[in-house]
Amino acid sequence: MAVIPRLRGRRPSTDGGSRGRARGAFVLRHLVRFVISLAVLLVASFAMIHLIPGDPVRASLGPAAPVELVEARRAALGLDQPILTQLASYVGHVVSGDFGTSFLSGEPVGEVIASRLPNTLALALLATVVALLVAVPLGMWAGVRTENGRNRGTEAAFTSATGTAVAIPEFLYAIAAVALFAIGLGWFPPAGKGGPESYVLPVLSLAIAPAAMIARISRVETLRELGSDYVRLARAKRLPSARIHLRHVLPNTLTATLTIGGLLLTGLIAGSVLVEYVFAWPGLGLRIVESITQKDYPVAQGVILVYGAIVLVVNLLVDVLLGLLDPTSALKET
């Protein structure tokens, strides 16, 4: 009888150690991938200004600009140096937080990004929260209502409505929202950033399509959990339906929701460009459109780099968090 407790006492420590090493290797692999992806992003953003047909300095200053001014601007930007020297200088400046200077205003690009990034993040985060708060309960409700093939009408209406909502681009929602709620009904301001009411239409425009997508995924996950053995056992014990759904089914559907939520946040940050343009929202999306149309390439270059870095960081955090919360995802990669 004394042997059994010793064997049971050793086994968890061995399993815990192997799982700890697996998690450590999992995190390390994702960190290495992040660094490699960040390096590729740096090179790609550097190459952007060199892939533009013609001379970007001449394009930004206009065809009537004197040759002396063009050459002076090229020398100031270091574009007259060998390509590898330019790349090394660019990487060094970016690592130190120097993204260059705007062609048009002479303002440091880092200051432009710092002043506008919070406005873009505010829209993306609010839209993510709204989408999750609406989509998860809606998807669970649809899953419960359509379990075992019940309520075919509800299933058809849900899949049709969410499928249509996913297919419509965000900027069309933005245009429709301005036409209906701002110009038609006058409930909200049509453009600009002001009080809390100015957030409603941009956030709504960004949140509708992701909410529909997450609701569809939440329904599928709910149906899968409702067919599992532990739910059948809970029902055999005559536990209340609300307790089964909220305390057992909901937590087990949130892993997929967390994954989609991370991807959703990165997609909303990038997808906010046209929505910000429609609402004249003072974020990075509006600024990158202005910089491209005005040929202010350093600003466009810096904003694209920041967008890419945000996507990489969020994806890294989601992957690592899932690996820590669900050890099987880390063990599967070993």
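Coordinates for the structure precede this section.
So, here's what we can say about the structure. (Residues numbered from 1 in each chain as written. Predicted model: local features only at pLDDT ≥ 70, side-chain atom pairs only at ≥ 80, totals over all residues. Heavy atoms only, no water.)

1. Considerations on the environment of V314
And step 1. Mapped onto the fold, V314 is located in helix α12 (residues 297-325).
And step 2. Judged by relative accessible area, which is 13%, V314 ranks as buried.
And step 3. It is 7.8 Å that separates the C-alpha atoms of V314 and L263, two residues lying 51 residues apart in sequence. (Helix = DSSP H or I, 4+ residues; strand = E, 2+ residues; numbered from the N terminus. Buried < 20%, exposed > 50% of the residue type's maximum accessible area, 1.4 Å probe, protein only.)

2. Examining the environment of G285
And step 1. Relative to the helices and strands, G285 is located in helix α11 (residues 284-293).
And step 2. The exposure class assigned to G285 is buried, which follows from its relative accessible area of 0%.
And step 3. Residues G285 and I304 lie 19 residues apart in sequence; the distance between their C-alpha atoms is 9.9 Å.
And step 4. Ignoring any residue separated from it by four or fewer positions in sequence, one finds G285 in contact with T120, V273, E276 and Y307. (Contact = heavy atoms within 4.5 Å.)

3. What about the packing of aromatic side chains?
And step 1. Applying the stated criterion to the full structure yields 3 aromatic pairs.
And step 2. Seen from their ring centres, F46 and Y90 are 5.7 Å apart, and the 40 degrees between their planes marks the pair as tilted. In this pair, F46 sits in helix α1 (residues 3-51) while Y90 sits in helix α4 (residues 83-95), placing the two residues 44 residues apart along the sequence. We note that F46, like Y90, is buried.
And step 3. Both rings, one in Y199 and one in W281, keep their centres 4.9 Å apart while their planes meet at 75 degrees; by these two values the pair is edge-to-face. (Phe/Tyr/Trp six-rings, centres within 6.5 Å; stacked < 30°, edge-to-face > 60°.)

4. What about the pattern of salt bridges?
And step 1. Scanning the entire structure with this criterion turns up 2 salt bridges.
And step 2. E155 serves as the salt-bridge partner of R219, at 3.2 Å between the closest nitrogen and oxygen. In this pair, R219 sits in helix α8 (residues 197-226) while E155 sits in helix α6 (residues 152-167), placing the two residues 64 residues apart along the sequence.
And step 3. In the salt-bridge network here, residues are joined through shared partners; they are R152, E155 and R219. (Salt bridge = Lys/Arg side-chain N within 4 Å of Asp/Glu carboxyl O.)

5. So, helix α5 (residues 109-145)
And step 1. Here α5 is 37 residues long and its end C-alpha atoms lie 52 Å apart, about the 54 Å a rise of 1.5 Å per residue gives.
And step 2. Of all the bends in α5, the largest measures some 35 degrees and sits at R116, one to four residues before the proline P118. (Expected span 1.5 Å × (residues − 1). Bend = angle between axes of the 7 residues up to and from the residue.)

6. Focus: the packing of helix α7 (residues 170-184) against α8
And step 1. Two numbers describe how α7 lies on α8: the axes approach to 9 Å, and their chain directions differ by 140 degrees. When the interaxial angle is binned, α7 and α8 end up oblique. For the element pair α7 and α8, the recorded crossing hand is right-handed. Mapping the contact onto sequence places E170, Y173, A174, A177, F181 and A182 in α7 and L201, S205, L206, I208 and A209 in α8. (Axes fitted to C-alpha atoms, helices over the stretch in contact; angles between N-to-C directions. Parallel < 35°, antiparallel > 145°, perpendicular 65-115°, else oblique. Left-handed = near helix turned anticlockwise from the far one by under 90°.)

7. A look at a nonpolar patch on the surface
And step 1. A cluster of nonpolar side chains, V129, V130, L133, V134, L138 and W141, forms an exposed patch at the surface whose accessible area comes to about 540 Å².
And step 2. Locating L138 in the fold gives a position in helix α5. (Patch = residues over 30% accessible without salt bridge, like charges linked within 9 Å, V, L, I, M, F, W, Y side chains within 5 Å. Areas by Shrake-Rupley, 256 points an atom, 1.4 Å probe, with all protein chains shown as cover.)

8. A short note on the packing of α6 against α8
And step 1. Where α6 contacts α8, the two axes come as close as 8 Å, and the packing angle between them is 140 degrees. As judged from the angle between their axes, α6 and α8 are oblique. Two packed elements cross with a definite hand, and for α6 against α8 that hand is left-handed. Across from E155, F158, T159, T162, G163, A165 and V166 in α6, the residues of α8 making contact are I208, A209, A212, M213, A215, R216 and R219.
And step 2. Partitioning the contact of α6 with α8 into residue classes produces 8 nonpolar, 3 polar and 3 charged. (Nonpolar A, V, L, I, M, F, W, Y, C, P; charged D, E, K, R; others polar.)

The values are spatial; any link to function lies outside them.
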